[in-house]
Amino acid sequence: MRSSRSGSAAPRRWGGRFDVGAPAIAAGVTDAAALADAAARVAAEFGGADLLLNSAGVMLPAPIEELAADQWKQQIDPSITGLMDTLGAFTPQLIAAAAERGVADLINTSSIAAQNIFPNFAVYSGTKAYVTHLSRHPRAESGARNVRVSALEPGIVGTELQSHVTDPGAREWPAGAKESMEWLTPEHVAETVGFIATMPPRVNFQQVTIMPTGQAA
């Protein structure tokens, strides 16, 4: 999230490295009221956000026949409902920032699971397909007002995401994959976000896939 206090916005530098410090404001992505409060605080203390990166999600693969409804909800709530509540809280700020500064950015983190088929990943893949497709709609609504919208689809990244997996079969694949290839790191994804956000205002990457070189699909 780029932000500055009202009246102190500096011109952007395009094409350079994107380095910025940011305060931490804790808010549960599945708590609509907390998100609204966080957005209000950003507006009051920093003059509003001109970059919103949505990156919440949980990966809990399991066969559909197990009827793990609680795990389905754990995945749907942050990736779909939480995403929409976050957009609702911050979209007005993005539109205002774009009007003032000439551009604002909304970047939604999806996954290659949105495009590919992986056994036992039906719910997770479905939530990520939603994120990718959903991203095209705010772009259609706000692109003409200089709000750029991008869906970022990473391959496998070394984070805590894999540690949440409880299905034995699904845990075997990442364990083997870690031995056979170098995974992406969070820094690689962060640098990609910075690249997207530092393009000239006329440039909008609608969909970006970033993969480990050794990952085939």
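Draft legend 1. Spatial organisation of the overall build of the protein chain. When its secondary structure is counted, the protein chain shows five helices and four strands. For the protein chain, the sequential pattern of α-helices and β-strands runs α-β-α-β-α-β-α-α-β. Expressed as a percentage of the 217 residues in the protein chain, the buried residues total 42%. Summarising the internal contacts of the protein chain: among those between residues at least 6 apart in sequence, 77% fall at separations of at least 24. When the accessible area of the protein chain is evaluated, it comes to approximately 11500 Å², of which 55% is carbon and sulfur surface.

Draft legend 2. Structural view of the sheet that holds strand S1 (residues 51–54). What the four strands build is an open sheet, ordered S1-S2-S3-S4; its pairing is parallel. The sheet is open, and its two edges are formed by S1 and strand S4 (207–210), each paired on a single side. Mean inter-strand twist for the sheet, computed between neighbouring axes without regard to direction, equals 20 degrees. Of the pairings in the sheet, the one linking strand S3 (residues 147–154) to S4 comprises four bridges and is parallel in character. When the sheet's bridge partners are listed, Ala-151 is paired in S4 with Gln-207. Against the sheet, helix H3 (residues 122–142) touches strand S2 (104–109), S3 and S4, its axis set at about 165 degrees to S3.

Draft legend 3. Region of interest: unusual backbone geometry. For Leu-67, which is not a glycine, the phi torsion comes out positive at approximately 55 degrees. Along the polypeptide, Leu-67 turns up in the loop between S1 and helix H2 (69–101).

Draft legend 4. Looking closely at the nonpolar core. Core analysis: the largest hydrophobic core is formed by 18 residues, its most contacted members being Leu-52, Leu-87, Phe-90, Leu-94 and Leu-106. Apart from the residues lying within four places of it in its own chain, the contact partners of Leu-106 are Leu-52, Asn-54, Leu-87, Leu-94, Pro-138, Arg-148, Val-149 and Ser-150. Counting nine residues, the second largest nonpolar core, distinct from the first, contains Leu-152, Val-189, Val-208 and Ile-210.

Draft legend 5. View of the confidence of the model for the protein chain. In this model, the protein chain carries an average pLDDT of 87, and 85% of its residues clear a pLDDT of 70 or more. For residues 3–18, every residue scores under 50 in pLDDT, and the model assigns this stretch 38 contacts once sequence neighbours within four places are set aside.

Draft legend 6. The arrangement of the side chain of Ser-150 in detail. Along the chain, Ser-150 falls in strand S3. By relative accessible area, Ser-150 is classed as buried at 1%. A distance of 3.5 Å separates a polar atom in the side chain of Ser-150 from a polar atom in the side chain of Asn-204. At a separation of 2.5 Å, a polar atom in the side chain of Ser-150 contacts the main-chain carbonyl oxygen of Phe-205. Not counting the four nearest positions on each side in its chain, Ser-150 is found in contact with Leu-106, Ile-107, Asn-108, Ser-135, Ile-196, Asn-204, Phe-205 and Gln-206.

Procedures and definitions
- Residues numbered from 1 in each chain as written.
- Predicted model: local features only at pLDDT ≥ 70, side-chain atom pairs only at ≥ 80, totals over all residues.
- Heavy atoms only, no water.
- Helix = DSSP H or I, 4+ residues; strand = E, 2+ residues; numbered from the N terminus.
- Buried < 20%, exposed > 50% of the residue type's maximum accessible area, 1.4 Å probe, protein only.
- Contact = heavy atoms within 4.5 Å.
- Areas by Shrake-Rupley, 256 points an atom, 1.4 Å probe, with all protein chains shown as cover.
- Pairing = 2+ DSSP bridges.
- Axes fitted to C-alpha atoms, helices over the stretch in contact; angles between N-to-C directions.
- Core = buried A, V, L, I, M, F, W, Y, C linked by side-chain atoms within 4.5 Å.
- pLDDT = per-residue confidence, 0-100.
- Polar contact = N/O pair within 3.5 Å; in protein donor to acceptor, adjacent residues only side chain to side chain.

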